[in-house]
Amino acid sequence: MARWCYRHRLVVLLLWVGALFGLGFSASTAGTDYANVFSLPDTDSKKAYDLMEKAFPASAGDTDTVVWKVDEGSVRDQDVRSRIQPALDEIAAMKGVGGVTGPYAAGGAGAAQISGDGRIAYAQITFTEQANAVPKELVQDVVDTARGAGQDGLEVEVGGQAIQRVQEPPTGLAEMVGLAAAAVVLFLAFGSLYAMLLPLAVAVFGVGMGLFSTQLLSHVTDIPDLAPLLSSLIGLGVGIDYALFIVTRHRKGVLRGLDPEESTVVALNTSGRAVLFAGGTVCIALAGMLVTNLRFLDGVVIGTSLTVVLSVLAATTLLPALLGFLGARVLSRKQRRVLAATGPEPEKASGPAARWSTGVQRRPRTIAALALVVMAVLALPVLSLRLGATDQGNDDASTTTRKAYDLLAEGFGPGFNGPLQVVVDGGDATALTRGIKDTPGVARVAALPPASGVTVIQVVPTTSPQSEETDTLIDRLRDDVIPEAGAQAHVGGVTAVSKDFATVTGDRLPLFIATIIGLGFLLLLVAFRSLVVPLTAAVMNLVAAAASFGVLVAVFQWGWGLDLLGLGKEGPINAFLPVIMLSLLFGLSMDYQVFLVSRMHEEWVHTRDNARAVRVGLAETSRVINSAALIMVCVFLAFVLSGDAGAAMAGVGLAAAVALDAFILRTALVPAAMHLLGDSNWWLPGWLEKRLPHLAVEPKEEAVAPATAAAGEGPASVVHGFVRNTAGEPVEDATVTLLSRGGRELDRVTSLADGSYILSVPAPGTYLLATTAAPPLLKRARRLTVEGEPLVYDVELEEGAEVG
């Protein structure tokens, strides 16, 4: 397929461009229909909501707040009322608004909605739907109408869950910053503008088609509006990474004497296979979210998995076509001049990566111990992990939700931003109200008039919604106060829903982790035909997860460095984050494991020397893995700039996870452990070997026939002939190299004065013959099939200005 795409590059490019523009036009015409279907069945807060919906259908939706403050005078003044009340009446008349309860009600019924000093007041807006289901257009109309009532000396702000959904950062900001950072890293890694553009182009096509497809799918299934953000996040990362791995392998092939077409085929047949496996591990990790039975994550799985699949497809079809357009220009000008002057570079790795790899081989125990100590120290904070939901006090200080939060806390106390709803459908509601008033941690209590046998008791805590004391109060109400009053009641409200979600997520997290670890283990078992390699990967993934969550706890829960990041105050870790973050982390870390170990396994298959396999594999992949990780870190950290606390938390967590995984685990701990384990790395019981399907990350290589090698009879065959120029004159000192289909050098000779050469062939099969001579002669690479008899093959080199 790679060869076909290379030779028909214009057709492939036009197909991809047509598909991208076609999907883009269809998506823009159809629009979006994202639906945030959020439900927590069998939870106390869900039972409270169901009762509210039955007894108060117009008041069961999300409750948001309009809050205003005067610089001088009182909110009771007529000039203030004349501006605020018409705005509240206009909001109440909007379709989708169940009602508005303000402080200016007749008879002084709303007096409690004015602060003690008379300078701050609020009105409650009750939508007919929950926050995630309220149309954004309606929310924006509410915000515009309310804030339009403000003037000099009168500040009007709007807060609540529904309002927060329209306070989103500019779309595409993180993606653009990530692409810019990726371009810098790629240029430093390749030294070539054309080579730098290749991974970016693949990522843009993969992410673009993924986002358009997800937008179209939103019309036929429930896709949350969180899906596009996560799809672009993961798609941008894997798209650049996968193309980076393939382009790096292709450049090595060209530098080692292969014709660009043959080098492309070899790169796709080796690194391309690893990309397919890596993409499979990411999709498996994402699919692991399904076992949590949190239905709103189903759409996230669909969107992100589709984007990953399209990114893999772009890397394995579009990229070979683009490589065909570039030819030898995938190398920098300096590399092409050196190649033309000195011929192919040796296969042996060199530079800092090779020196580090040799150092790991010499001191595996020391390096493994240091890496473990670092990861263990970073993981310690995870022991105090608390899941929950950050409140709007963590929003950017410029948003209306943050300003409304601060005004309510100033006028009525911090607990007012997260009131609880105790819904009573049996027993003595009056006795329960008295019991709640006497409960520590309660600031105020108000029982609403009953309807259909259901009474709602509004409870305002003394602490903020994200406070641990508020969680304790919810538990005390459910476990002690309600049973003691003999009532049948349930605790609901946004704060209670967040707590229940955190509890459900925490309970299902072990099953989720076991699922993605188990499926990843099975895939690596089939890929590398070893029990130890996938077991090592599973352990390393758990270590990386623990350390990255330790960093999250230290920053966002303990508050270390929050002021530097400008992300509000410390609080719990968002309950949804472990599921999404672990899916992405496990998928990406398995990517690095596949690329690292696939090169080691390739060398192991050829040499059966574990020390050499680990050393060569690390030396040849560590630089590209570190470059890929650096790109991912830049992409994830860009989300800190969004001003959204949830996105910033995910960005910091994923950036820390990728950095620790690539720079410590895959570069130090994994190779050190593999050196210590020796040949045991590749152990697989014979009975299991017979039953496993034969899927390989790298192509199967022909080996020397055992009988021939044992008898010492030398090679199975030879390839010989003459190297001549187009005039038929012999070419002396031309380098002739025999390579396997996987790109491994098998034999190399220099042509004699008469242009003759002879190469040893280990066994019958298909090989690549690469020939390079000093300028002005071009290099040539051809595929040969060698049978049992010696093969005569003459090479004709054309003259040219530079290597082609």
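In case you missed it, the structure is sitting above this.
Described below are features of the structure shown in this document. All residue numbers refer to position in the chain's written sequence, counted from 1. Per-residue local features of the predicted model are confined to residues with pLDDT of at least 70, and side-chain atom pairs are confined, for both listing and counting, to 80 or more; whole-chain, interface and lining totals are unaffected and use all residues. Note that water and hydrogens are dropped before the side-chain values are worked out from all heavy atoms of the structure.

To continue, consider the overall build of the protein. Along its length, the protein carries 25 helices and 18 strands. Its C-alpha atoms give the protein principal-axis dimensions of roughly 115 × 50 × 45 Å. Here the term buried applies to any residue with accessible area under 20% of the maximum for its type, exposed to any over 50%, and partly exposed to those in between, with areas from a 1.4 Å probe on protein chains only. Within the span of the protein, comprising 804 residues, buried residues form 56% of the whole. In what follows, residue pairs with any heavy atoms lying within 4.5 Å of each other are defined as contacts. Restricting to contacts in the protein with at least 6 residues of sequence separation, those with at least 24 account for 77%. In these tables, accessible area is a Shrake-Rupley quantity obtained with a 1.4 Å probe, and a residue counts as shielded only by the protein chains included in the view. Counting every atom, the protein has about 32500 Å² of accessible surface; 59% of that belongs to carbon and sulfur. Runs of H or I in DSSP of at least four residues are treated as helices and runs of E of at least two as strands, each being numbered from the N terminus.

All right, on to the packing of aromatic side chains then. Only the six-membered ring of Trp is used, alongside the rings of Phe and Tyr, when aromatic pairs are assigned; centres must lie within 6.5 Å, and planes under 30 degrees apart are stacked while those over 60 apart are edge-to-face, with the rest tilted. Under the defined criterion, the tally for this structure stands at nine aromatic pairs. Ring geometry for Tyr 122 versus Phe 412: centroids 5.1 Å apart, planes at 85°, classification edge-to-face. Of this pair, Tyr 122 sits in strand S3 (residues 120-127) while Phe 412 sits in helix H15 (residues 400-412), placing them 290 residues apart in sequence. Chaining the aromatic ring pairs together yields one cluster made of Tyr 122, Phe 412 and Phe 416. If you follow Arg 9 out to its NZ or CZ, it ends over the ring of Tyr 6, 5.4 Å from the centre. Only when the NZ of Lys or the CZ of Arg is both within 6 Å of the ring centre and within 35 degrees of the ring normal is a charge said to sit over the ring. For Arg 329, the ring lying beneath its charged end belongs to Tyr 194, and the centroid distance is 5.5 Å.

Let's shift gears to the nonpolar core. Residues belong to one nonpolar core when they are buried, are Ala, Val, Leu, Ile, Met, Phe, Trp, Tyr or Cys, and are joined through side-chain atoms within 4.5 Å. By size, the foremost hydrophobic cluster in this structure holds 146 residues, and its most contacted members are Ile 240, Tyr 242, Met 289, Tyr 592 and Phe 636. It is helix H23 (residues 645-677) that provides the largest number of residues to this core, a total of 18 residues. Excluding residues within four positions of it along the chain, Phe 636 makes contact with Leu 233, Leu 588, Gly 651, Leu 654, Ala 655 and Val 658. Core analysis: the second largest hydrophobic core is formed by 30 residues, Ile 91, Ala 146, Val 156 and Val 166 among them.

Let us now look at a negative patch on the surface. A grouping of Asp 71, Glu 72, Asp 152 and Glu 155 is seen on the molecular surface, where their side chains present a negatively charged patch. Examined against the element boundaries, Glu 155 turns out to sit in strand S4 (residues 154-159). Residue Glu 155 is classed as partly exposed on the basis of its relative accessible area of 32%. Candidate patch residues must exceed 30% relative accessible area and have no salt bridge, after which like charges are joined if within 9 Å and Val, Leu, Ile, Met, Phe, Trp or Tyr side chains if within 5 Å. Each salt bridge in this description consists of a side-chain nitrogen of Lys or Arg and a carboxyl oxygen of Asp or Glu lying within 4 Å of one another. Under the convention used here, Asp and Glu are negative, Lys and Arg are positive, and both His and the chain ends fall outside the count. Charge positions come from single atoms, namely NZ of Lys, CZ of Arg, CG of Asp or CD of Glu.

Helices are assigned an expected span. That span is 1.5 Å times one less than the residue count. In a regular helix each residue adds 1.5 Å, so 12 residues correspond to 16 Å; helix H5 (residues 136-147) covers 16 Å between its end C-alpha atoms and thus fits that length. Buried positions along H5 lie against strand S1 (63-70), helix H4 (78-92), strand S2 (97-101), S3, S4 and helix H6 (161-164).

A separate point is the environment of Pro 461. Mapped onto the secondary structure, Pro 461 falls in strand S8 (residues 455-461). The sequence separation of Pro 461 and Ala 781 amounts to 320 residues, and the corresponding C-alpha distance is 76 Å. Discounting chain neighbours no more than four positions away, the residues touching Pro 461 are Gly 415, Phe 416, Gly 418, Pro 419, Leu 420, Gly 441, Val 442, Ala 443, Thr 470 and Leu 473.

Note on definitions: angles span 0 to 180 degrees between N-to-C directions of axes, and those axes are lines fitted to C-alpha atoms, for helices only across the stretch in contact. Where helix H18 (residues 494-528) meets helix H21 (residues 577-607), the axes come as close as 11 Å, and the angle between the chain directions of the two elements is 15°. One way to sum up the angle between H18 and H21 is to call them roughly parallel. For the pair H18 and H21, the sense of crossing is right-handed. Across the interface between the two elements, Thr 505, Leu 509, Phe 512, Ile 513, Ile 516, Ile 517, Gly 520, Leu 524 and Phe 528 of H18 pack against Pro 578, Val 579, Leu 582, Ser 583, Phe 586, Met 590, Gln 593, Val 594, Val 597, Ser 598 and His 601 of H21. Tallied by class, the residues present in the contact of H18 with H21 amount to 14 nonpolar, six polar and no charged. Throughout this description, any angle smaller than 35 degrees is read as roughly parallel, any larger than 145 degrees as roughly antiparallel, any in the 65 to 115 degree range as roughly perpendicular, and the remainder as oblique. Throughout, a crossing is termed right-handed when the near helix is turned clockwise from the far one, and left-handed when it is turned anticlockwise from it by less than a right angle. Basically, the charged four are Asp, Glu, Lys and Arg, the nonpolar ten are Ala, Val, Leu, Ile, Met, Phe, Trp, Tyr, Cys and Pro, and anything else, Gly included, counts as polar.

As a further point, take the pattern of salt bridges. Applying the stated rule across the entire model yields 15 salt bridges. The residue Glu 410 makes a salt bridge to Lys 69 at a minimum N-O spacing of 3.1 Å. Taken together, the residues Glu 410 in helix H15 and Lys 69 in strand S1 connect sequence positions 341 residues apart. By relative accessible area, which is 48% here, Glu 410 ends up partly exposed. Of the residues examined, Lys 69 reaches a relative accessible area of 15% and is grouped as buried.

Right, let's get into the sheet that holds strand S9 (residues 488-492). For two strands to be treated as a pair, DSSP must find at least two bridges joining them. Strand order in the open sheet formed by four strands is S7-S8-S6-S9, and the pairing between neighbours is antiparallel. Strands at the two margins of the open sheet, each flanked by one partner only, are strand S7 (442-447) and S9. Taking each pair of neighbouring strands and ignoring which way they run, the sheet shows an average axis angle of 20°. By the bridge criterion, five bridges tie strand S6 (residues 420-426) to S8 in an arrangement that is antiparallel. Its bridge partner being in S8, Val 424 is matched across the sheet by Thr 455.

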